[in-house]
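Spelled out, the chains give:
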Amino acid sequence: MTPEQPRATSNPGAGAPTLPEGALVQSLLKEGRTFPPASAFRERSWVGDRTPYEDAERDYAAFWARHAEAELSWFRAWDKALEWHLPWAKWFVGGQINVSYNCVDRHAASWRRTKAAIVWEGEPGDDRVLTYQDLHREVQRFANVLKELGVQKGDRVTLYLGMVPELAIAMLACARIGAPHSVVFGGFSSDALRDRILDQEAKVVVTQDGAWRRGTLVPLKRFADQAVEQCPSVEKVVVLRRAGDALHCEMAPGRDHWWHDLMERASAVCPAEPLDSEHPLYILYTSGTTGKPKGVLHTTGGYLIGVHLSTKWVFDLKDEDYFWCTADIGWVTGHSYIVYGPLSNGGTSVMYEGAPDWPDKDRFWAIVEKYGISVIYTSPTLLRSCMKWGTQYPARRDLSSLRLLGTVGEPINPEAWMWYHENIGHGRCPIVDTWWQTETGMILITPLPGATTTKPGSATEPFPGVGAEVVDEQGRPVPANTGGYLVLTRPWPAMLRTFWGDPERYVETYWTRFPGRYFTGDGARCDEDGYFWITGRVDDVVNVAGHRLSNIEIESALVAHPAVAEAAAIGRSDAMKGQAISAFVVLKIGNEPSEQLREDLRDWVADKISPIARPDDVFFSADLPKTRSAKIMRRLLRDVAEGRVLGDTTTLTDPAVVEEIKQRYVAEGKEED
Ligand code: WTA
């Protein structure tokens, strides 16, 4: 058997087990292909065997401490690696460290001084490279700017910018002086921005005149003005010039300052402040759209070793790599794997400003070709869009520089995994499917590409030192291949410490449902090899006649059909069965909706999973409603299917998509009547 070849191929539909009555989230989709690491890859990788897993099992706190000492530069050694008073964790108690120092100064003082730290591609096609030396100078200058504006250690700074290098510079400048930053995604409305500024009582807001998105300028400063007017805590607004003459920008005298004016006057010397290991590094609001925003708080020393070590081992990051995480820095993925993880390792981090289909649907692959990207980290949602667009787009570009592929954000269906493997990795590149959350700060369930045999659709196993388990309603571990709730059984260094200003809600959200354990809100099953298969958020389940089925599995079955590119499955109320299954399906280009195809798809799912999972209706649609953090908004599809007024659509990439689905759904329903 040659490495990288599937060991066994199974027909996922064959022999699907029958459903036990009333069981928990059920998980029936079978996937039998396995991909062991190629020996050439294993031999060169940071982790090529089980040693770190065994090491960490002996004493997980000592494991983290050993790496924190070896990998990071501390101003003062800690007295105690972990203080754990459930659910309150303190890592490296008494230690002093600075994240900005670790990400910038120590590399600027080494041979990496002239190495590319950030390689940036603007949407219109302009580009910039910042070496570690450049980054060192810019970060110190902006840290001095913040100080001059009155920002002191502990003050909060809101960053409302597009994907420009200055966003990373501003984050590192905040970290340098101990001012927790809060990045608000540039696609959020002024109301969302206002709520976040109010919650954290920020003193300074950093924004830009306009951000490029699909060839147009999004007027961020105008949105920021509307928000800041309602936020009494804000004293100063710094405005980066990106649009220039293309967009006029009002500047409030005394309050607003241009980035370039302030930087011109600022000194380029600002030593990094030694900070307590538990000093707040940043607040990041979770994607929730209702009620008071939840500000996840991450701190300094523990977070840094978590993202540092996971970047190094999961992405097998080497000095010669060009590492590209395609997420927006407005999400945790960008915080941990564009900025802090890669830079702490002295890596080269690639950053792209705009949309994947601008000016054409091969933009991502053009970027891979242009820079010779070696490791790419993206989302299943993006891959499914690429599947819809067709293989001609990646086929046009030279992807031979790639050596490792990653995904995050949603369960990846085995079909999308295989598509990635074949059309992007050309069968050569291992895939790391990484499970984690804003709250976890770092990747927690993942393959290590030189050590783990992968299975398409499985995030595989906990990172060394991490404890994870699947439990039932009562918190008891469930047997292999039985669905349940995913919980974490031990503290880990990059874990959230609390919600900003709301410790009770922190306890209630994560630590109450299963006492002593962290509740992730996700469903999962473990297979006979101990591999984790994430079935999605537990509130995303369909309950058909007492059987709780995972939406993700129905969707995976649909996407495995040759005509289907994307799918969303939801449960709508049904007088007979409790819930009926509605499937929303996007066809691959070149396929036409038909009554025959609709029937075929229903039978296909019944065959792949179980007759119980057969969709009651299949609706063909041109697109699906997705959030800007690349998740399908099933809640809105439920609203459509149940004829309700649509809920909040402000976090959608394109709210028109769901409106159109709604109108066509209603029209088709009438025809059928
Ligand atoms: C989902 C993103 C399956 C999951 C880093 C989690 C995943 C939520 C995966 C967190 C994966 C993320 N497989 N599901 N590999 N990665 N998820 O906070 O439901 O934006 O709880 O963090 O995304 O989303 P968040």
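Fair warning: this is a prediction, and the values are worked out from it, not measured in the lab. (Residues numbered from 1 in each chain as written. Predicted model: local features only at pLDDT ≥ 70, side-chain atom pairs only at ≥ 80, totals over all residues. Heavy atoms only, no water.)

Caption draft 1: Molecular detail of the overall build of the protein chain. Looking only at helices and strands, the protein chain has 20 helices and 31 strands in total. What you see for the protein chain is a C-alpha radius of gyration of 24 Å, in line with the 26 Å of a compact globule of 673 residues. Along the first, second and third principal axes, the C-alpha set of the protein chain runs to 70 × 55 × 50 Å. Contacts in the protein chain between residues far apart in sequence, at least 24 positions, make up 72% of those at least 6 positions apart. Element-wise, carbon and sulfur atoms account for 50% of the exposed surface of the protein chain, whose accessible area totals about 24200 Å². Positive and negative side-chain charges of the protein chain, numbering 74 and 91 respectively, have mean locations separated by a distance of 3 Å. (Helix = DSSP H or I, 4+ residues; strand = E, 2+ residues; numbered from the N terminus. Rg over C-alpha atoms; globule rule 2.2 N^0.38 Å. Contact = heavy atoms within 4.5 Å. Areas by Shrake-Rupley, 256 points an atom, 1.4 Å probe, with all protein chains shown as cover. Lys, Arg positive; Asp, Glu negative; His and termini not counted. Charge placed at Lys NZ, Arg CZ, Asp CG, Glu CD.)

Caption draft 2: Layout of the site of the ligand. In the vicinity of the ligand, 16 residues are found, and the nearest of them are Asp433, Thr434, Gln437, Thr438 and Asp522. A distance of 3.5 Å is found between a nitrogen atom of the ligand and a backbone nitrogen or oxygen belonging to Glu410. Contact between the ligand and Gln437: an oxygen atom at 2.9 Å from a side-chain N or O atom of the residue. Looking at the shell around the ligand, the elements that each hand over two or more residues are helix H11 (332–344) and strand E26 (532–537). Tallied by class, residues from the shell around the ligand come to six nonpolar, five polar and five charged. (Near = heavy atom within 4 Å. Polar contact = N/O pair within 3.5 Å; in protein donor to acceptor, adjacent residues only side chain to side chain. Nonpolar A, V, L, I, M, F, W, Y, C, P; charged D, E, K, R; others polar.)

Caption draft 3: Examining the domain arrangement of the protein chain more closely. Examined at the domain level, the protein chain breaks down into domain 1 (1–98 + 297–537), domain 2 (129–273) and domain 3 (540–672). Spacing between the C-alpha centres of domain 1 and domain 3 amounts to 27 Å. (Domains from an automatic or database assignment.)

Caption draft 4: Expanded view of the sheet that holds strand E1 (residues 74–76). Spatially, the three strands line up as an open sheet ordered E1-E4-E14, and their pairing is antiparallel. The open sheet has two edge strands with one neighbour each: E1 and strand E14 (275–276). Of the pairings in the sheet, the one linking strand E4 (residues 96–97) to E14 comprises two bridges and is antiparallel in character. Following the sheet pairing, Ile97 is matched in E14 by Leu275. (Pairing = 2+ DSSP bridges.)

Caption draft 5: The packing of aromatic side chains, seen in detail. Per the counting criterion, the structure on display carries 38 aromatic pairs. Taking 6.2 Å as the distance between ring centres and 50° as the angle between the ring planes, the aromatic pair formed by Phe63 and Trp313 counts as tilted. Remark: Trp313 occurs in helix H10 (residues 301–314) and Phe63 occurs in helix H3 (residues 60–71); sequence separation between them is 250 residues. In this structure Trp313 comes out as buried when scored by relative accessible area, which is 8%. Chaining the aromatic ring pairs together yields one cluster made of Trp84, Trp88, Trp492, Phe499, Tyr506, Tyr510, Trp511 and Tyr518. The ring of Tyr53 has Arg50 sitting right over it, with the charged end atom 3.9 Å from the ring centre. The side chain of Arg241 reaches across the aromatic face of Trp258, ending 5.1 Å from its centre. (Phe/Tyr/Trp six-rings, centres within 6.5 Å; stacked < 30°, edge-to-face > 60°. Buried < 20%, exposed > 50% of the residue type's maximum accessible area, 1.4 Å probe, protein only. Lys NZ or Arg CZ within 6 Å of the ring centre and 35° of its normal.)

Caption draft 6: View of the packing of helix H4 (residues 99–108) against H11. Contact geometry for H4 and H11: axes closest at 8 Å, N-to-C directions at 55°. Taken as axis vectors, H4 and H11 run oblique relative to one another. Along this stretch, H4 crosses H11, giving a crossing that reads as left-handed. Together, Val99, Asn102, Cys103, Arg106 and His107 of H4 and Tyr340, Leu343 and Ser344 of H11 make up the contact between the two elements. (Axes fitted to C-alpha atoms, helices over the stretch in contact; angles between N-to-C directions. Parallel < 35°, antiparallel > 145°, perpendicular 65-115°, else oblique. Left-handed = near helix turned anticlockwise from the far one by under 90°.)

Caption draft 7: Inspection of the side chain of Thr158 at higher detail. Counting through the fold element by element, Thr158 comes out in strand E7 (residues 157–160). With relative accessibility at 0%, the residue Thr158 sits in the buried group. A distance of 2.8 Å separates a polar atom in the side chain of Thr158 from a polar atom in the side chain of Gln200. The contact partners of Thr158, leaving out residues within four places of it in the chain, are Ser182, Val184, Leu193, Ile197, Gln200, Ala202, Val204, Val205 and Val206.

Caption draft 8: Local environment of the pairing of strand E15 (residues 280–285). Among the six residues of E15, five are classified as buried, and the element is accordingly described as predominantly covered. Strand direction decides the pairing type here: E15 and strand E16 (residues 295–299), joined by five bridges, are antiparallel. Residue pairing for E16: Tyr285 is matched across the bridge by Gly295.

Caption draft 9: Just the confidence of the model for the protein chain, in detail. Looking at the protein chain as a whole, its pLDDT mean stands at 91, while 93% of the residues score no less than 70. Segment residues 1–26: pLDDT under 50, and 66 contacts once partners within four positions in sequence are set aside and those in other chains are kept. (pLDDT = per-residue confidence, 0-100.)

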